[in-house]
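This is what each chain is made of:
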Amino acid sequence: MLAAGTGAQAATSAMITAPSFLIPELHRPVAEGGYGMSLAEAGVVAAASMTGMMFTLVLWGLVVDRRGERFALLAGLLVTAVGGGVAAVLASPWPMAAALCFAGIGAAATNSASGRVVVGWFPPERRGIAMGIRQTGQPLGVGLAAGTVAVIAHHHGIGPALWVPTAAAVLMAGLVALVVLDPPRPATAAGVRAANPYRADGYLTRIHAASVLLVVPQFLVWTFGLTWLVDDLGWSPGVAGLVVAGTQAAGAAARIGAGWASDLVGSRMRPMRAVAFLAAATMLLLGLAATGAAGSTSMTALAVGLLVVASAVTVADNGLAFTAVAERAGPFWSGRALGLQNTAQHLAAVAVPPVAGLTIAAWGYGAAYALAAALPLLAVAVVPVAGERRIDR
């Protein structure tokens, strides 16, 4: 079931990110075999699946709470596959964008449902590392899309390229149908509703807030890391792409390591606070190194190394927060709570490219990286360590 949950997350992540790898073909002039769209227009098409997902995360969380994890996973993957298949058949930018938005609606289901499967079936002392493994689904999905979609789109068209994430969704739906069972839930008295965990205290709200602060440097590095290597350091796109791909592997390892550490110390929030502190320190050092990288070989090597470290550290908190939210919210509210968690993070992530772009244009990449260090430093104070319950073994 861990493999099915991770695979489902990877398949839907591939569907969400695949449209961004179609931008070169959408932007290529018509005379050269492309679609002649402006970058802004191509960006709208690329954002269609993300838009569909962002507005339905909480609704899918409610489905998980009411109908169970298996139902939500199967329904979401099938909706994702249908939307991706229609987009592949249409292969015309604006109708394709509508179909991708529909695919994104289905993709939102796996965020809560696959996490709930892990939390429900794994005991507390192994739950952190299990969730860390599940969280690797995102970089795996991004890697799948990055390694296939752009190449296929260039040689065979955007329609055939979209069959890759569509096929992945179909395969994962079959695996979910074979192996996933709803985890057991405690019985409740007839007519009695589970208590709203948000009314008990501010613990969940503080996790959401800390996660929003921590997602900003994560998306800053993801969005502008490659552009910095190419524009400021003069690297070729191919070499820069290999480095950025390597950061995905580093990020996956960091998620697993953070989950293992949380099981070891019996706490999700103490490792999360440590990650926030490390993220602040790493981003500040990256900013300083990036500022002095131009013209200095040794400083360039240091800056690139710090970019890899920052790419790993800034994502290490994701599984910790996700697990803590599910554990505190309980089996009757965690679907909605996880939906709120992801929605808040995605809203913050959407604001990162334009704000960071203005900052970089005004002061440079180094300043943008260094300024971003303030947010994880603030998160250190926001992470609710004092109100955490000891993880039972």
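Residues numbered from 1 in each chain as written. Predicted model: local features only at pLDDT ≥ 70, side-chain atom pairs only at ≥ 80, totals over all residues. Heavy atoms only, no water.

An unreviewed UniProt entry lists the protein chain under the name Sugar transporter family protein, from Nocardioides simplex.

### Some words on the overall build of the protein chain
Check the secondary structure of the protein chain and you find 19 helices and 0 strands. For 393 residues, the compact-globule estimate of 2.2 N^0.38 gives 21 Å, and the C-alpha radius of gyration of the protein chain, at 21 Å, lies within 12% of that figure. Dimensions of the protein chain, computed from the C-alpha atoms along their principal axes, are close to 65 × 50 × 30 Å. Seen as two clouds, the 21 positive and the 15 negative side-chain charges of the protein chain have centres 12 Å apart. (Helix = DSSP H or I, 4+ residues; strand = E, 2+ residues; numbered from the N terminus. Rg over C-alpha atoms; globule rule 2.2 N^0.38 Å. Lys, Arg positive; Asp, Glu negative; His and termini not counted. Charge placed at Lys NZ, Arg CZ, Asp CG, Glu CD.)

### Concerning the packing of aromatic side chains
Two aromatic rings, taken as a pair, are described by how far apart their centres are and by the angle between their planes. Using the criterion set out here, one finds 2 aromatic pairs in the structure. Aromatic pair Y365 and Y369: ring centres 6.5 Å apart, planes at 40 degrees, arrangement tilted. Pair noted here: Y365 and Y369 are both in helix 18 (residues 365-372), with a separation of 4 residues, about one helical turn. A single burial state applies to Y365 and to Y369, both of which are buried. Three or more aromatic residues joined by ring pairs make a cluster, and in this case those are W228, Y365 and Y369. Its end group placed over the ring of Y203, R328 keeps NZ or CZ at 3.8 Å from the ring centre. (Phe/Tyr/Trp six-rings, centres within 6.5 Å; stacked < 30°, edge-to-face > 60°. Buried < 20%, exposed > 50% of the residue type's maximum accessible area, 1.4 Å probe, protein only. Lys NZ or Arg CZ within 6 Å of the ring centre and 35° of its normal.)

### Here's the deal with empty space enclosed by the protein
Per the stated rule, a full pass over the model turns up 1 cavity of 30 Å³ or more. One number sums up the size of the largest cavity: a volume of about 30 Å³. P139, W222, T247, Q248, G251, R255, S311 and V315 are the residues that line the largest cavity. Examining the composition of the lining of the largest cavity, we find that 4 residues originate from one element, helix 13 (residues 237-265), more than from any other. Here the residues of the lining of the largest cavity are counted per class, giving 3 nonpolar, 4 polar and 1 charged. (1 Å grid on protein atoms, 1.4 Å probe; cavity = no way out; pocket = protein on both sides within 12 Å on 5 of 7 lines; lining within 4 Å. Points joined across faces, edges and corners; volume = space filled by probe spheres on them. Nonpolar A, V, L, I, M, F, W, Y, C, P; charged D, E, K, R; others polar.)

### So, the pattern of salt bridges
Taken as a whole and judged by the stated rule, the model has 8 salt bridges. The shortest N-O distance in the salt bridge between R28 and E25 comes to 2.6 Å. Judged on exposure class, the residue R28 and its partner E25 are both buried. Residue D65 pairs with R116 through a salt bridge whose shortest N-O separation is 2.6 Å. With D65 in helix 5 (residues 57-67) and R116 in helix 7 (residues 93-121), the pair connects residues that are 51 residues apart, well separated along the chain. Considered together, D65 and R116 belong to a single accessibility category, that of buried residues. Members of the salt-bridge network, linked through shared partners, are D65, E69, R116 and R336. (Salt bridge = Lys/Arg side-chain N within 4 Å of Asp/Glu carboxyl O.)

### Digging into the domain arrangement of the protein chain
You can read the domains of the protein chain as domain 1 (1-181) and domain 2 (198-392). Each side of the interface is counted separately: domain 1 has 30 residues, and domain 2 has 32 residues. Three residues stand out in domain 1 for area buried against domain 2, namely M54, D65 and Q135, and they jointly supply 20% of the buried area on that side. Across the pair R127 and E327 runs a salt bridge whose closest N-O atoms are separated by 2.8 Å. Our enumeration of links across domain 1 and domain 2 arrives at 12 residue pairs in polar contact (both at pLDDT 80 or more). At the level of elements, helix 4 (48-54), helix 5, helix 7, helix 8 (124-135) and helix 9 (137-156) are the ones that each hand at least two residues to the side of domain 1 that touches domain 2. Looking at the side of domain 1 that touches domain 2, its residues break down into 14 nonpolar, 9 polar and 7 charged. (Domains from an automatic or database assignment. Contact = heavy atoms within 4.5 Å. Buried area = accessible area lost by both parts, 1.4 Å probe. Polar contact = N/O pair within 3.5 Å; in protein donor to acceptor, adjacent residues only side chain to side chain.)

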